[in-house]
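Chain by chain, the residues run as shown.
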Amino acid sequence: LQEIQSNEEEMRQQMEEMTAIQEEMEKNELELIGQKGALDQAAIVTEVDLKGYVIYANDTFCEISGYEREEIIGQKQSLVRHPDMPASLFEDMWKTITRGDTWKGRIKNLRKDGGCYWVQATIKPVFNEWGKPRKYIGVRFDITEQVQQEEDIRQQLQEIQTNEVEVRKQMEEMTAVQEEMERYEMELRGQKGALDEAAIVTEVDLQGQVMYANDTFCRISGYD
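Calculation notes
- Residues numbered from 1 in each chain as written.
- Predicted model: local features only at pLDDT ≥ 70, side-chain atom pairs only at ≥ 80, totals over all residues.
- Heavy atoms only, no water.
- Core = buried A, V, L, I, M, F, W, Y, C linked by side-chain atoms within 4.5 Å.
- Buried < 20%, exposed > 50% of the residue type's maximum accessible area, 1.4 Å probe, protein only.
- Helix = DSSP H or I, 4+ residues; strand = E, 2+ residues; numbered from the N terminus.
- Contact = heavy atoms within 4.5 Å.
- Pairing = 2+ DSSP bridges.
- Axes fitted to C-alpha atoms, helices over the stretch in contact; angles between N-to-C directions.
- Disulfide = S-S within 2.5 Å.
- Phe/Tyr/Trp six-rings, centres within 6.5 Å; stacked < 30°, edge-to-face > 60°.
- Lys NZ or Arg CZ within 6 Å of the ring centre and 35° of its normal.
- Patch = residues over 30% accessible without salt bridge, like charges linked within 9 Å, V, L, I, M, F, W, Y side chains within 5 Å.
- Areas by Shrake-Rupley, 256 points an atom, 1.4 Å probe, with all protein chains shown as cover.
- Salt bridge = Lys/Arg side-chain N within 4 Å of Asp/Glu carboxyl O.
- pLDDT = per-residue confidence, 0-100.
- Expected span 1.5 Å × (residues − 1).
- Arc of directions from axis to C-beta.

Quick look at the nonpolar core now. F61, W103, I107, Y117 and I123 are the most contacted members of the largest nonpolar core, which totals 22 residues. Counting only elements with at least two residues in this core, the list comes to strand 1 (44-48), strand 2 (54-57), helix 2 (59-65), helix 4 (87-98), strand 3 (103-110) and strand 4 (116-127). What F61 contacts, discounting residues up to four positions off in sequence, is I44, V45, T46, G66, I72, Q77, V80 and Y117.

Quick look at the sheet that holds strand 5 (residues 133-142) now. The strand order 2-1-5-4-3 describes an open sheet built from five strands, whose pairing is antiparallel. With one partner strand each, in any of the chains shown, strand 2 and strand 3 form the two edges of the open sheet. On average, each strand axis in the sheet is inclined to that of its neighbour by 30°, with strand direction left out of account. As paired elements, strand 1 and strand 2 share three bridges and run antiparallel to each other.

Applying the stated criterion to the full structure yields zero disulfides. Free of any disulfide, C62 has its nearest cysteine sulfur in C116, 19 Å distant.

Here we take up the packing of aromatic side chains. Enumeration according to the criterion identifies one aromatic pair in this entry. Seen in terms of ring centroids, W94 and Y136 are 5.6 Å apart; in terms of plane orientation they differ by 90°. Their pairing is edge-to-face. With W94 in helix 4 and Y136 in strand 5, this residue pair connects regions lying 42 residues apart in the sequence. The exposure class of Y136 is buried, given its relative accessible area of 3%. Taking NZ or CZ as reference, K76 lies 4.8 Å from the ring centre of Y53, over its face.

All right, on to a nonpolar patch on the surface then. Nonpolar side chains collect at one region of the surface, where I153, L157 and I160 lie side by side and expose about 280 Å² of accessible area between them. In this structure, L157 sits in helix 5 (residues 144-198).

This part is about the confidence of the model for the chain. Low-confidence regions, as indicated by low pLDDT, have predicted coordinates that should not be scrutinised in detail. Across the chain, the average pLDDT comes to 87, with 91% of residues at or above 70. For the chain, the element scoring lowest by mean pLDDT is helix 1 (residues 2-42), at 69; strand 3 scores highest, at 96.

The subject of this paragraph is helix 4. Helix length check: helix 4, at 12 residues, gives a terminal C-alpha distance of 17 Å against a target of 16 Å (1.5 Å per residue), a fit within 8%. What helix 4 keeps buried is the set L89, F90, M93, T96 and I97. For helix 4, the arc enclosing every buried residue in end-on projection is 120°, short of the 170-degree limit, so these residues lie on one face. Buried residues in helix 4 make contact with strand 3, strand 4 and strand 5. Directly after helix 4, the chain includes G100, whose backbone phi takes a positive value near 95°.

Listed below in structure tokens is the structure:
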């Protein structure tokens, strides 16, 4: 009887431990569900199998891509790949995640209507009990507005640089013109000096009043 009571006590303790473990697991599950819900609200989330076929897409993905969930499930993730993106980027991504590492990068994606959107992506493998990837989860944040602002700034800087080049060119042209005018003025002064030495020169206004008389005139005429 004492042995039976001992076994019953041991079983009771095991049941209490199992109940505590189950309650902890349920609490963790609730916490994970809450975290996943928050992530789904804030980020674009997809899951793909080992061949790149979409097995899950959240509402945020559907909203930004323009695809219904039924249209994307079972399709290749590359359905939203923008032709502007180099193939080498995705080759690097697949090499990284297939060896079990996390890949991060900036990607331009194609919407169903032909528009585009930019995301900051984190692609992470999910492992099986043998430590091998069994699927890949992609968490992306929409950075389209940020990229557009960067592009606007880049264009403004380019315009400023273009304007600087144009201004510099105009300044160089003005300097060249000024130098040419100075050379021409010096040449005219030389010619005038030679003319004053060789000839009698006067200038009169429209009424015949003398406005200028050179030294040669004064010398030969006797007038100051």
